Amino acid sequence: KAVVSTQSTGEDRIVALVFDTTSTNSGANAGVAVQLERKWCRQLIHIYCRHHIFERFAGAAAETAFSSKSPDNEEFKPLIKSWTALNHRSELSLLTVPSDRVVRRMVKEFVVWGQKMLQNSDFLRSDYYEMVALPLLLLGETPQDVKYTVRAPGSLSSARWMQRIICSMKVSLFGTQLIKLGSYTATEVQIHQELSLFFILAYIRQWTECPLLLDSAPNDLALLKDMHVLKYSPLEQYKKAFAEKLNQHLWYLSEELVFFTLFSDKVTDAVKNRCARKMISYSPTSKLGKLITPSACQTTKVHELFGPRSYLFARLVGEPVDFLKAPASTWPDNASYQKLKTLAKNLPATNDSAERAVLLGKTVHNKLTKSAQQRQDLIVTVPITRKQIGKRRKSDVF
């Protein structure tokens, strides 16, 4: 997925590429992103799809719990078969939060965040809503003004972890009933409960906030710190596998992407001032090359990650960064800062929309016609028609 700027025309408008982490896209020598940079003789912002990255984290943790790595999702088939026999409103098995101080602190933070998200749920749809509502129900912390009904398990894919995490939490929620039905053993239910607790602590909030590019670096640093302080032994195997993958995918702490921290509302003015001082201590570089993944740990501070390549985005869109010399409290009044922030907020940190568009295009394409020529004509006609019609909602048509 290419992200364009309105400052230029043609290929020069492209300032960033959003893609998943497969070597086809991200390869250091033959990857599509690097080849495009060579072709156009300039750098681009590389944005690795955060959802794709976090699916690897979830997979690493869950695979330590389930011995089977079958794409058929054998661990959830008993839940699906038993679904109609379950009482979905009562005899629920709530999670017992252990007395561990760090776990209790992290659960409390999740509950505050989750309740706020559900009460302002315009940001959440479908599975994303359930991903927040279900763990709150498991913890017995659903807000009184929120009406949530547990849905039947959706379609499962070995390549998509969100629905599998939701199913694991449903096994936990109906654990007592499933044991009575003989669908799961007590040991199997306990594994799902431990995994559900781990995902509540380490994953669900981060996954939900993946599209927020401006908060990506602060979120990753906070996650590194949480993985370091989490010492609760029943979750140790999940944490170890999760943290190992996390340390291999710290691209959002790179010099060019950490620049977006300057526009994050999560970061205080004092931290932004330190970031600015660090950034202006370097001169910009125009050197082409693969995005350099930094090493970081629980003690790493965000301002330590800035460097010469932090100027890249501002240079690509043609905006000065003179505001860095002023106190951060004055930045909102600076026109260049406001323009950069607006542009940065429009940069996606996931390529979900591109994947949905490709899937929709393939589905419609295959159903409309078998003619190769007509398919080529459609590719040309559809964008022209959309441009003529403009932005329309369903309510404008039906």
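Above this text sits the structure in question.
Residues numbered from 1 in each chain as written. Predicted model: local features only at pLDDT ≥ 70, side-chain atom pairs only at ≥ 80, totals over all residues. Heavy atoms only, no water.

Participant: Honestly, the overall build of the protein in this entry has me stumped. Any pointers?
Facilitator: When helices and strands are tallied, the protein shows 19 helices and three strands. The long-range share in the protein, meaning contacts at least 24 apart out of those at least 6 apart in sequence, stands at 74%. Put simply, the protein shows about 20600 Å² of open surface, and 52% of that area lies on carbon and sulfur atoms. (Helix = DSSP H or I, 4+ residues; strand = E, 2+ residues; numbered from the N terminus. Contact = heavy atoms within 4.5 Å. Areas by Shrake-Rupley, 256 points an atom, 1.4 Å probe, with all protein chains shown as cover.)

Participant: How do you make sense of empty space enclosed by the protein when you look at a structure like this?
Facilitator: Taking a probe equal in size to a water molecule and rolling it over the atoms shows the remaining empty space. Under the criterion given, the structure shown has one cavity of 30 Å³ or more. Here the largest cavity defines a volume of roughly 30 Å³. Lining the largest cavity are Arg-50, Ile-53, Phe-54, Phe-57, Asp-220, His-249 and Tyr-252. Residues that form the lining of the largest cavity fall into these classes: four nonpolar, one polar and two charged. (1 Å grid on protein atoms, 1.4 Å probe; cavity = no way out; pocket = protein on both sides within 12 Å on 5 of 7 lines; lining within 4 Å. Points joined across faces, edges and corners; volume = space filled by probe spheres on them. Nonpolar A, V, L, I, M, F, W, Y, C, P; charged D, E, K, R; others polar.)

Participant: Explain unusual backbone geometry here, please?
Facilitator: Leaving glycine out, the prevailing phi sign among residues is negative, and the prevailing peptide bond configuration is trans. Even without glycine at this site, Cys-41 takes up a positive phi of about 55°. Overall, the relative accessible area of 64% leaves Cys-41 in the exposed class. Even without glycine at this site, Glu-91 takes up a positive phi of about 55°. Within the secondary structure, Glu-91 is located in the loop between helix H4 (77-82) and helix H5 (101-119). (Buried < 20%, exposed > 50% of the residue type's maximum accessible area, 1.4 Å probe, protein only.)

Participant: Would you take a moment to explain the pairing of strand E2 (residues 14-19) for this structure?
Facilitator: The side chains of a regular strand alternate between both faces of the sheet. Within E2, six of the six residues are buried, which leaves the element mostly enclosed by the surrounding structure. Across four bridges, the pairing between E2 and strand E3 (residues 45-48) is parallel. Across the sheet, Leu-17 pairs through a bridge with His-46, a residue of E3. (Pairing = 2+ DSSP bridges.)

Participant: Even after reading the chapter, I still don't get a positive patch on the surface, so can you show me in this structure?
Facilitator: On the surface, Lys-225, Arg-274, Arg-277 and Lys-301 cluster together into a positively charged patch. Note that Arg-277 resides in helix H14 (residues 269-280). Its relative accessible area of 53% is what places Arg-277 among the exposed residues. (Patch = residues over 30% accessible without salt bridge, like charges linked within 9 Å, V, L, I, M, F, W, Y side chains within 5 Å. Salt bridge = Lys/Arg side-chain N within 4 Å of Asp/Glu carboxyl O. Lys, Arg positive; Asp, Glu negative; His and termini not counted. Charge placed at Lys NZ, Arg CZ, Asp CG, Glu CD.)

Participant: Hey, could you run me through the pattern of salt bridges in this one?
Facilitator: Oppositely charged side chains can form a pair if their charged atoms are brought close together. On inspection of all chains with the given rule, the structure shows 14 salt bridges. Here Arg-309 and Glu-256 are joined by a salt bridge, their closest N and O atoms 2.7 Å apart. Of this pair, Arg-309 sits in the loop between H14 and helix H15 (312-317) while Glu-256 sits in helix H13 (residues 255-258); the two residues are 53 residues apart in sequence, bridging distant segments of the chain. The network of salt bridges with shared partners includes Arg-105, Glu-109 and Asp-226.

Participant: Any chance you could explain helix H2 (residues 32-40) here in plain terms?
Facilitator: Owing to its 3.6 residues per turn, the α-helix brings residues three or four apart onto one side. Turning to H2, its buried residues number three or more, namely Ala-33, Val-34, Glu-37 and Trp-40. For H2, the buried positions fall inside an angular range of 135° around the axis, keeping them on one side. Each element contacted by the buried residues of H2 is listed here: E2, helix H1 (23-26) and E3. Positive backbone phi, at 55°, marks Cys-41, one or two positions downstream of H2. (Arc of directions from axis to C-beta.)

Participant: Got a minute to help me understand the nonpolar core in this structure?
Facilitator: Nonpolar side chains in soluble globular proteins tend to be buried together. Formed by 118 residues in total, the largest nonpolar core has its most connected members in Phe-198 and Tyr-203. With nine residues, the top contributor of residues to this core is H5. Beyond its immediate stretch of four places on either side in the chain, Tyr-203 contacts Phe-54, Glu-55, Phe-57, Ala-58, Met-131, Ile-165, Phe-198 and Phe-242. (Core = buried A, V, L, I, M, F, W, Y, C linked by side-chain atoms within 4.5 Å.)

Participant: Sorry if this is basic, but what is going on with the environment of Ala-152 here?
Facilitator: Mapped onto the secondary structure, Ala-152 falls in the loop between helix H6 (126-138) and helix H7 (162-173). On the accessibility criterion, Ala-152 (46% relative accessible area) is partly exposed. When the C-alpha positions of Ala-152 and Cys-167 are compared, they lie 9.1 Å apart, and in sequence the two are 15 residues distant. If near-sequence neighbours (up to four positions away) are discounted, Ala-152 is found in contact with Trp-83 and Lys-170.

Participant: Looking at this structure, I do not really get the side chain of Asp-226. What am I missing?
Facilitator: Inspection of the secondary structure assignment puts Asp-226 in helix H11 (residues 216-229). The buried category is assigned to Asp-226, whose relative accessible area is 17%. When residues no more than four places from it in sequence are discounted, the contact partners of Asp-226 are Arg-105 and Met-106.

Participant: How should I be thinking about the packing of aromatic side chains in this particular structure?
Facilitator: To describe a pair of aromatic rings, one takes the distance between the centres and the angle between the planes. Applying the stated criterion to the full structure yields 22 aromatic pairs. Ring centres 5.9 Å apart and planes at 20° place the aromatic pair Tyr-203 and Trp-207 in the stacked group. For the pair Tyr-203 and Trp-207, one class covers both residues: buried. Ring centres of Phe-259 and Phe-260 lie 5.9 Å apart, and the angle between their planes is 70°; on these two criteria the pair is classed as edge-to-face. Clustering of aromatic rings is evident, with ring pairs tying together Phe-54, Phe-57, Phe-198, Phe-199, Tyr-203, Trp-207, Tyr-238 and Phe-242. (Phe/Tyr/Trp six-rings, centres within 6.5 Å; stacked < 30°, edge-to-face > 60°.)

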